[in-house]
Amino acid sequence: MSSAKLTVAEVSESLQRLGLVDYVVFVCSLLVCVVIGVYFGWKDWTVQQRRKQNVRRGSEALNYLVGGRKMKIFPVAMSLIASFISGIAVMGASTETYLHGTQFCYIFTGILLMAVSMNFIFLPVYQGLDITSAYAYLQLRFDRRIRLLGSGLFTLATLLHLPIVIYVPALAFNQVSGVNVHVVSTSVCLVCIFYTLVGGIKAVVWTDVIQMFIMIGALILIVVKGTADIGGLSVLIERNMASGRIEPPNFSFDPTERHTIWAIFIGGGCFWMGKNAIHQMMIQRYLALPSFRDAQKALVCFTVGIILLMMTCFYNGLLIYATFYDCDPLTTGLAKAKDQLLPVLLMKVLGDIPGLAGLFISGIFSASLSSLSTGLNSLSAIVLEDFVKPFTRQPLSERGTRYIMRGTVLAFGIVAVALVLVVEKLGTVLQLSMSLVPISLGPLLGLFLMGMLLPWVDSKSAFGGAISGLIMMSYIVIRAQIAVAAKQMVIVGKPVSVEGCDYTFDLPVGFNTTHAPPTLPSEKSLHHVSYLFYTFIGAATTILVGSLAAAISRRQQPDKLDPLLLAPFVRRMYNMETIPRAVVTVHNFNKEDTQLYMLCSATSSSA
């Protein structure tokens, strides 16, 4: 009787059943993005032609990078959510819940911490300055070398992250269709590069809106149909409670535990703060809005939307376990990689209904295309504003600006597609390159917090603090990666079972059905700290070293600092008058050190 069972290879092949309707849905979603890009590119071109004789210098960059600062709240808020949630996050959140339970679901506390800091610290400063690059702030507050340090770290981290953003959804497409990873990744990325290059920020934002609706619709479909297939919500809760996946917050004070409420709130909050408050991909959207009030409203929409979307992804993780509670796809080999768990669930739940599987894959790709297009557009802003303009003696012409921005999008897009080959061949590089984010994010967050909260910190002290933070984070992250590769740091997963499988498979060598926890090292070092604390440690090291050096050297006089560069409550603490709206601050980036010329400066001295 057992010989009549299908093999795992046959079951896997049976799940690869994307039909004609699914491919049509997928292609149509890409064509919509192309049409949006062409529309906004044509619209901007016609406007430029009509006022060719009276074009204001810099209007090309202003329009391409921040939409003339006239974007609307709703599309920007949707774009913020789409830019933050990549295909990695959509599938990774579900995988995390399936493997390790709901402990990470309490990340909403860290998201709320990020929102509060954005509202009271970062947004008021950004909206008070006429900047396009977030890292222009570092030059205004400190000097050019710190600006270049920030821009360089962002460029390197983004360029290494983009191939991963492309590769992960291509793996999902391969799982459900069998199409070669490189064929689909190259084709889809060329579409993304095209509409980003032609349409600029407006095309990126509006394609994000369409892609968000596709992704949300796909997630809701799999939640509703998947829950009904297993017998309802009560069955899902019962099975996950029995396996220990639904659990209360862990209030342990041990910093080496992977997920505690403190690591999630403090560490996760700092990570989200760094990813949203100082990241060019996100700040560029806030700067596209005309006022601070509009930015606040977009922030509220983003916060609520991102929490709801993340919770939906976590729910899908519970749904994966409730569906495969007695036949783990990873153990049997039905899912070749952890990130293919959600596609396996997709094909089991929606594979028989024409078009729905194609819609879901479109949603996964939409999340990644949003991150890719946003990253390319942000890189064009960084190259123009941070690496070209500060070093040109004469102002750039509108044509030169246009060529630089679009050439940057094309060049970095081609490099990102080419690096997918490297990511696929060197699996260990994938994990190491993802660890580069906290290495650079922590020191960068520390620099911005010092600039906005600590007016006595000067540029030399800040630079020393940033270098210290980089060294500290490089040691911790690289040492932790070595320990993980050597099996010295083993992450214990929740129990799984293969007792109810209705197909044949070979158990992996050393498979343990009891799931006894592995032997942990008796002595723990700094690199054993939870990965959630990485950004916090990098920022704290930067701030501590920088502020101590500034307190000793006393080079910076707080009362000489432009109040617009400080958070509003810090201005009040130091009895600095907030500059009236009529006063204009002019920043000259072409000199060796930033000079601030304040018209009507007598208002600040009268205090």
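In this text the structure is predicted, and so the values were computed from the model without any measurement.

1. Quick notes on the overall build of the chain
Then, in step 1: Looking only at helices and strands, one finds 23 helices and four strands in the chain.
Then, in step 2: Residues counted as buried form 56% of the 607 residues belonging to the chain.
Then, in step 3: Put simply, 85% of the contacts in the chain that link residues at least 6 apart link residues at least 24 apart.

2. Describing the nonpolar core
Then, in step 1: Counting 171 residues, the largest nonpolar core has F122, F302 and I306 as the members making the most contacts within it.
Then, in step 2: Ranked by residues supplied to this core, first place goes to helix α9 (residues 181-230) with 18 residues.
Then, in step 3: Those residues in contact with F302 that lie beyond four places of it in its chain are A77, L80, I81, F84, M114, N276, M282 and Y286.

3. Quick word on a nonpolar patch on the surface
Then, in step 1: On the surface, a cluster of nonpolar side chains totalling about 600 Å² of accessible area is made up of F251, F253, W262, F265, I266 and F536.
Then, in step 2: A total of three residues in the nonpolar patch trace back to one element, the largest contributor, which is helix α11 (residues 261-277).
Then, in step 3: Residue position: W262 is located in helix α11.
Then, in step 4: By relative accessible area, which is 32% here, W262 ends up partly exposed.

4. A short note on the state of the cysteines
Then, in step 1: Throughout the structure, instances matching the rule amount to one disulfide.
Then, in step 2: Across the disulfide from C327 sits C501; the S-S distance is 1.9 Å. Judged by the sign of its S-S torsion, about 110 degrees, the cystine formed by C327 and C501 is right-handed. With a gap of 174 residues between them, C327 in the loop between α13 (292-323) and α14 (329-332) and C501 in the loop between α20 (459-485) and β2 (503-504) connect regions that are remote in the sequence.

5. Comments concerning the environment of F314
Then, in step 1: Assignment of secondary structure puts F314 in helix α13.
Then, in step 2: On the accessibility criterion, F314 (2% relative accessible area) is buried.
Then, in step 3: Distance in space between the C-alpha atoms of F314 and T102 is 7.4 Å, their sequence separation being 212 residues.
Then, in step 4: Apart from residues lying up to four places away in sequence, F314 is in contact with A93, T97, F104, C105 and I107.

6. What to know about the packing of helix α4 (residues 73-84) against α9
Then, in step 1: One can describe the packing of α4 onto α9 by two numbers: an axis separation of 8 Å at closest approach and a directional angle of 70 degrees. The angle between α4 and α9 falls in the class roughly perpendicular. Every pair of crossing elements has a handedness; the one defined by α4 and α9 is left-handed. When α4 is examined against α9, the residues F74, P75, V76, M78, S79, I81, A82 and S83 are found in contact with a partner set consisting of V205, W206, D208, V209, M212 and F213.
Then, in step 2: By residue class, the composition of the contact of α4 with α9 is 11 nonpolar, two polar and one charged.

7. Some thoughts on helix α15 (residues 341-350)
Then, in step 1: Here α15 lies mainly inside the structure; nine of its 10 residues are buried.
Then, in step 2: Buried within α15 are the following residues: L341, L342, P343, V344, L345, L346, M347, V349 and L350.

8. A closer look at helix α10 (residues 233-242)
Then, in step 1: Buried residues of α10: V235, L236 and N240, and no others. Around the axis of α10, the buried residues are gathered within 120 degrees of arc, so they sit on the same side. When the buried face of α10 is taken as reference, the exposed residues oriented beyond 90 degrees from it are S234, E238 and A242.
Then, in step 2: Close packing links the buried residues of α10 with α9 and α13.

9. Focus: the environment of F40
Then, in step 1: Mapped onto the elements of the fold, F40 is located in helix α2 (residues 20-50).
Then, in step 2: Expressed as a C-alpha distance, the spacing of F40 and G199, which sit 159 residues apart in the sequence, is 5.0 Å.

10. Some thoughts on the packing of aromatic side chains
Then, in step 1: What the rule picks out here adds up to nine aromatic pairs.
Then, in step 2: For the pair Y98 and Y321, a centre-to-centre distance of 6.2 Å together with 50 degrees between the ring planes defines the contact as tilted. Taken together, the residues Y98 in helix α5 (residues 87-100) and Y321 in helix α13 connect sequence positions 223 residues apart.
Then, in step 3: On the accessibility criterion, Y98 (0% relative accessible area) is buried.
Then, in step 4: We classify Y321 as buried; its relative accessible area is 8%.
Then, in step 5: Among the aromatic residues, those joined into a cluster by ring pairs are Y126, Y135, Y137, F154 and F448.
Then, in step 6: When the ring centre of Y98 is taken as origin, the NZ or CZ atom of R245, which lies over that ring, is 5.3 Å away.
Then, in step 7: The positively charged end of R245 is found above the aromatic ring belonging to Y321, 3.9 Å away from the centroid.

11. A closer look at the side chain of S29
Then, in step 1: Relative to the elements of secondary structure, S29 occurs in helix α2.
Then, in step 2: In contact with S29, not counting residues within four places along its chain, are I214 and S362.

12. Quick notes on the confidence of the model for the chain
The predicted structure's coordinates, where accompanied by low pLDDT, should not be read in detail.
Then, in step 1: Summarising the model, the chain shows a mean pLDDT of 78, and 83% of its residues fall at 70 or more.
Then, in step 2: Here residues 513-519 scores under 50 on pLDDT; set against residues more than four positions off or in separate chains, the count is six contacts.
Then, in step 3: Ignoring residues within four places in sequence, the model shows residues 578-607, a span with pLDDT below 50, making 50 contacts including any to other chains.

13. Overview of the side chain of T332
Then, in step 1: Relative to the helices and strands, T332 resides in helix α14.
Then, in step 2: A polar side-chain atom of T332 sits 2.9 Å from a polar atom in the side chain of Y503.
Then, in step 3: Not counting the four nearest positions on each side in its chain, T332 is found in contact with V8, C327, V498, C501, Y503 and F505.

Thresholds applied
Residues numbered from 1 in each chain as written. Predicted model: local features only at pLDDT ≥ 70, side-chain atom pairs only at ≥ 80, totals over all residues. Heavy atoms only, no water. Helix = DSSP H or I, 4+ residues; strand = E, 2+ residues; numbered from the N terminus. Buried < 20%, exposed > 50% of the residue type's maximum accessible area, 1.4 Å probe, protein only. Contact = heavy atoms within 4.5 Å. Core = buried A, V, L, I, M, F, W, Y, C linked by side-chain atoms within 4.5 Å. Patch = residues over 30% accessible without salt bridge, like charges linked within 9 Å, V, L, I, M, F, W, Y side chains within 5 Å. Areas by Shrake-Rupley, 256 points an atom, 1.4 Å probe, with all protein chains shown as cover. Salt bridge = Lys/Arg side-chain N within 4 Å of Asp/Glu carboxyl O. Disulfide = S-S within 2.5 Å. Axes fitted to C-alpha atoms, helices over the stretch in contact; angles between N-to-C directions. Parallel < 35°, antiparallel > 145°, perpendicular 65-115°, else oblique. Left-handed = near helix turned anticlockwise from the far one by under 90°. Nonpolar A, V, L, I, M, F, W, Y, C, P; charged D, E, K, R; others polar. Arc of directions from axis to C-beta. Phe/Tyr/Trp six-rings, centres within 6.5 Å; stacked < 30°, edge-to-face > 60°. Lys NZ or Arg CZ within 6 Å of the ring centre and 35° of its normal. pLDDT = per-residue confidence, 0-100. Polar contact = N/O pair within 3.5 Å; in protein donor to acceptor, adjacent residues only side chain to side chain.

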